[in-house]
Amino acid sequence: MGARTTPTIRRLGAALGLAGLAAGLAVSAWLWTTLARLPPLDLAAAQARSPIVLDRAGTLLRPFATTDGRWRLPLEPEAVDPRFLAMLTAYEDRRFRSHPGIDPAALLRAAGQWLAAGRIVSGASTLSMQVARLVEPRGERSLAAKLRQIARAIELERRLGKDGVLRLYLALAPYGGPVEGLRAASLAYFGREPARLTLAEAALLVALPQAPEGRRPDRFPDAARRARDRVLDIAAARGVVPAADAAAAKAEPVPHSRKPFPMLAPHAAEAALAQEPGRAVHRLAIDARLQGRLEPLVAERAASLGPGLSAAVLVIDNATGEVRAQVGSAGYLDAARAGAIDMTGALRSPGSALKPFVYAMAFEAGLAHPETLIEDRPSRFGASYAPENFDLTFQGTVTARRALQLSLNVPAVELMEAVGPARFIARLRAAGAGIVLPRDAAPGLPVALGGLGITLADLARLYAGLARGGEVPALKRRLDIPVADAVPPRIAEPVAAWYVADVLRGTPPPESALPNRLAYKTGTSYGYRDAWAVGFDHRYTVAVWLGRPDGAGVPGLVGRVAAAPLLFDAVARLGGDPEPVPRPRDALVATTSALPPPLRHLRREAGPTDRLRIAYPPDGARIDLGALEGAPAGLALKALGGTLPLTWLVGGLPVTESDRRQAEWQPDGAGFVRISVLDATGASDSVMVRIE
């Protein structure tokens, strides 16, 4: 009986084998036929990602939801904790790297269990099949739908390869609500990138996509814990993690709420998205670590000053013009402080913050030197303009250095009268500053004290120009859009820019701050509406604004008291000691008594009948250096009017003194130069010429 049974069993086994082979061939033929009939899989929607804004090092500053309101962030497998990937394949698809999109062994096991039990005992979906279901979702649960999913899984493997399929899974796996993909889930539940997860966190993120709504830890923490622990048990049983580590991970709590997505530099991020709405990844010049240190500082300082106040800080790398930090308000979500308004781009009155540029033009034109004596006494300019100092006192005779350090108003207005308000405004605009005058009025002497509108960004650029020897940088906010090279405009000649930097470095600092370290200037607008402080060294320029976004006055809001301490605290967060601006080799460092006589004391200009002016060379002239090299005397300098003797200056430095109204000067190289002349009364004129 036994002998006859054995051949029968063998024949039965062979028949079953042939039947299985036939079935396999039939399924294969069906798959190939189905693949041929199916339209190409449209991956455009599946490959859509949330726009993201990154800092200069690739750190996420702020993500934005997709157009349909989902959080789906780009992620490469290399940026994922390896333990997550190991547990994912151990739990979901152990033969992921070897099968063609479907796992035949898993299919046979699932089919046998279904036949034996009359119900589904275990699934056979591979990661590729799960991705196919996510890419092409279908509501029905039928054999035809499953076979179509199998066909699509094979197609995905053929088109994208294993890494491409894994990349889609990491981006599309559901994690509850609008959160899709591993990166969004890691940020939402743990507040960190998926490159550094604990074992318990990785296990939870493996478990959630199987039932994303039923296992959401913010709604069903017990279900989430049980699912996580099961993943840990399977990972330990299959040797992916040590059993002791899995047991320890089970003791870790699951999160009970979702965390907000990163929102650093929100104003800069919004501006980048508005500039390039079709771009998926935006790379800014901002340093996320510095930005993260400054935002809470600004919020804390504004809150301490009273309700309704906001603040803004801008940090510029002087060498490149890159914006390293941009804090647009005291809190982007703080509606009581109008936090959504980016105050770095708002037009406000700068108060005394523009005085350094009045002095720079005066130094450049040869009207004054930092050690020139200047009168701070009650004065009237024109019929009715009689400026007073902030403290309603006068200092008498002081040096220009001291007048700027103390921010005295009468000396600044007197220098503005000598420089000319129209020329001053033209210089600021030529340097790229968007100056707005009240009701488009003609510029007058009050512009020296802030009678105009300027943005914090433009003011910061002008100060960065002082740190760069007079060259004003173009602000570089992004690293992903090339900026065309252009000759930077000038706010001052190198010597004049250094004079101002050296003077401002001696400005008395706020309490508890060290002196002679940072060149800075403060400003307070009329009616206590705006408090400013701008500081710079050789490396960075930091600009600070405080006030109400609606422009209302705040009693006691003074630049030196409110903005300067915030400036020095912000500079301290840059790290390192401030570096002085290098001194040009041709800067004139001298006491008042050692200056040329016309520079020792500032005097009012001569009357219009004998006004001093340069007759040759004319302003804007182009002069051939080659032709001058053959002339023994060099370039002829001629003046009209004025009171002898005359002192000629080039680039702010005296080159010759003459009892006649003409002199000579030999250029030492090509380039733009400013030629100035002063007479015995202190009257002056200047021209800009180009030596070629």
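For clarity, every value in this text was computed on a predicted model and none was experimentally measured.

**Focus: the nonpolar core**
Leu354, Phe357, Phe424, Leu462, Tyr463, Ile491 and Phe536 are the most contacted members of the largest nonpolar core, which totals 75 residues. Sequence-distant contacts of Tyr463, that is, excluding residues within four places in its chain, are made with Ala353, Pro356, Phe357, Leu504, Lys521, Val534, Phe536 and Thr541. Counting 62 residues, the second-largest nonpolar core is a separate cluster that includes Leu156, Ala184, Leu199 and Val231.

**So, the packing of helix 2 (residues 82-92) against helix 8 (residues 221-237)**
Where helix 2 contacts helix 8, the axes come no closer than 9 Å and their chain directions differ by 90°. With respect to each other, helix 2 and helix 8 are oriented roughly perpendicular. Between helix 2, through Met87, Ala90 and Tyr91, and helix 8, the contact on the second element is made entirely by Arg230, Val231, Leu232, Ile234 and Ala235. Grouping the constituent residues of the contact of helix 2 with helix 8 by class yields 7 nonpolar, no polar and 1 charged.

**Re the sheet that holds strand 6 (residues 310-317)**
Strand order in the open sheet formed by 5 strands is 7-6-12-11-10, with antiparallel pairing between adjacent strands. The sheet is open, and its two borders are formed by strand 7 (323-327) and strand 10 (519-524), each paired with just one other strand. On average, adjacent strands in this sheet sit at an angle of 10° to one another, irrespective of strand direction. Pairing analysis gives 7 bridges linking strand 11 (residues 530-536) to strand 12 (residues 540-547), with the strands arranged antiparallel. Residue Asp530 lies in a different strand from strand 12, and its bridge partner there is Gly547.

**Some points on the pairing of strand 6**
The buried count for strand 6 comes to 8 of 8 residues, which makes it a mostly enclosed element. When strand 6 meets strand 12, the two strands line up antiparallel, connected through 8 bridges. Bridging across to strand 12, Val315 finds its partner in Val542. Bridge analysis of strand 6 against strand 7 gives 4 bridges, and the strand direction is antiparallel.

**Considering the confidence of the model for the protein chain**
This prediction gives the protein chain a mean pLDDT of 88; 88% of its residues lie at or above 70. A low-confidence stretch, residues 16-25 (pLDDT under 50), is modelled with 0 contacts involving residues beyond four sequence positions or located in other chains. Segment residues 605-609 is flagged for pLDDT under 50; beyond a separation of four residues in sequence, or across chains, it makes 6 contacts in the model.

**Quick notes on unusual backbone geometry**
Here Tyr616 and Pro617 are connected by a cis peptide whose omega angle stands at 5°. The omega torsion across Leu644 and Pro645 is 0°, close enough to zero to call that bond cis. Mapped onto the fold, Pro645 is located in the loop between strand 15 (635-640) and strand 16 (646-650). One non-glycine residue, Asn516, adopts positive backbone phi at about 55°. Along the chain, Asn516 turns up in the loop between helix 17 (494-505) and strand 10. Exposure remark for Asn516: the relative accessible area of 48% places this residue in the partly exposed category. The phi dihedral of Tyr528 is positive, around 55°, even though this residue is not glycine. Relative to the helices and strands, Tyr528 is located in the loop between strand 10 and strand 11.

**A closer look at the sheet that holds strand 5 (residues 281-283)**
Reading across the sheet, the 3 strands line up as 2-1-5 and stay open at both edges, with mixed pairing between neighbours. The sheet terminates laterally at strand 2 (60-63) and strand 5, the two strands that pair on one side only. When the angles between neighbouring strand axes are averaged without regard to direction, this sheet yields 20°. Bridging between strand 1 (residues 52-54) and strand 2 involves 3 bridges; their strand directions are antiparallel. Residue Val53 lies in a different strand from strand 2, and its bridge partner there is Arg62.

**A closer look at the packing of helix 8 against helix 9 (residues 243-250)**
Two elements in contact, helix 8 and helix 9, have axes whose closest approach is 9 Å; the angle formed by their N-to-C orientations is 175°. With respect to their mutual orientation, helix 8 and helix 9 come out roughly antiparallel. Within the contact between the two elements, helix 8 uses Arg225, Arg228, Asp229, Leu232, Asp233 and Ala236 and helix 9 uses Ala243, Ala246, Ala249 and Lys250. Of the residues belonging to the contact of helix 8 with helix 9, the class tally is 5 nonpolar, no polar and 5 charged.

How each quantity is defined
- Residue numbering note: each chain is counted from 1, following its sequence as written.
- Predicted model: local features are reported for residues with pLDDT of at least 70 only, side-chain atom pairs are reported and counted for 80 or more only, and whole-chain, interface and lining totals are derived from all residues.
- To obtain the side-chain values, all non-hydrogen atoms of the structure were used and water was disregarded.
- The definition of a nonpolar core used throughout is a set of buried Ala, Val, Leu, Ile, Met, Phe, Trp, Tyr and Cys residues joined through side-chain atoms within 4.5 Å.
- We call a residue buried when its accessible area falls under 20% of the maximum for its residue type, exposed when it is over 50%, and partly exposed in between, using a 1.4 Å probe and counting protein chains only.
- Working rule for contacts: check all heavy atoms of both residues, and any pair within 4.5 Å makes them a contact.
- Axis definition: a line fit to C-alpha positions, over the contact stretch in the case of helices; interaxial angles, taken between N-to-C directions, run 0 to 180 degrees.
- Numbering of helices and strands starts at the N terminus; helices are DSSP runs of H or I of at least 4 residues and strands are runs of E of at least 2.
- Every angle not falling under 35 degrees, over 145, or within 65 to 115 is termed oblique; those three ranges are roughly parallel, roughly antiparallel and roughly perpendicular.
- By the convention adopted, Pro, Cys, Tyr, Trp, Phe, Met, Ile, Leu, Val and Ala count as nonpolar, Lys, Arg, Asp and Glu as charged, and the other residues, Gly among them, as polar.
- In this analysis, strands are considered paired if DSSP registers two or more bridges between them.
- Predictor confidence is given residue by residue as pLDDT, running from a minimum of 0 to a maximum of 100.

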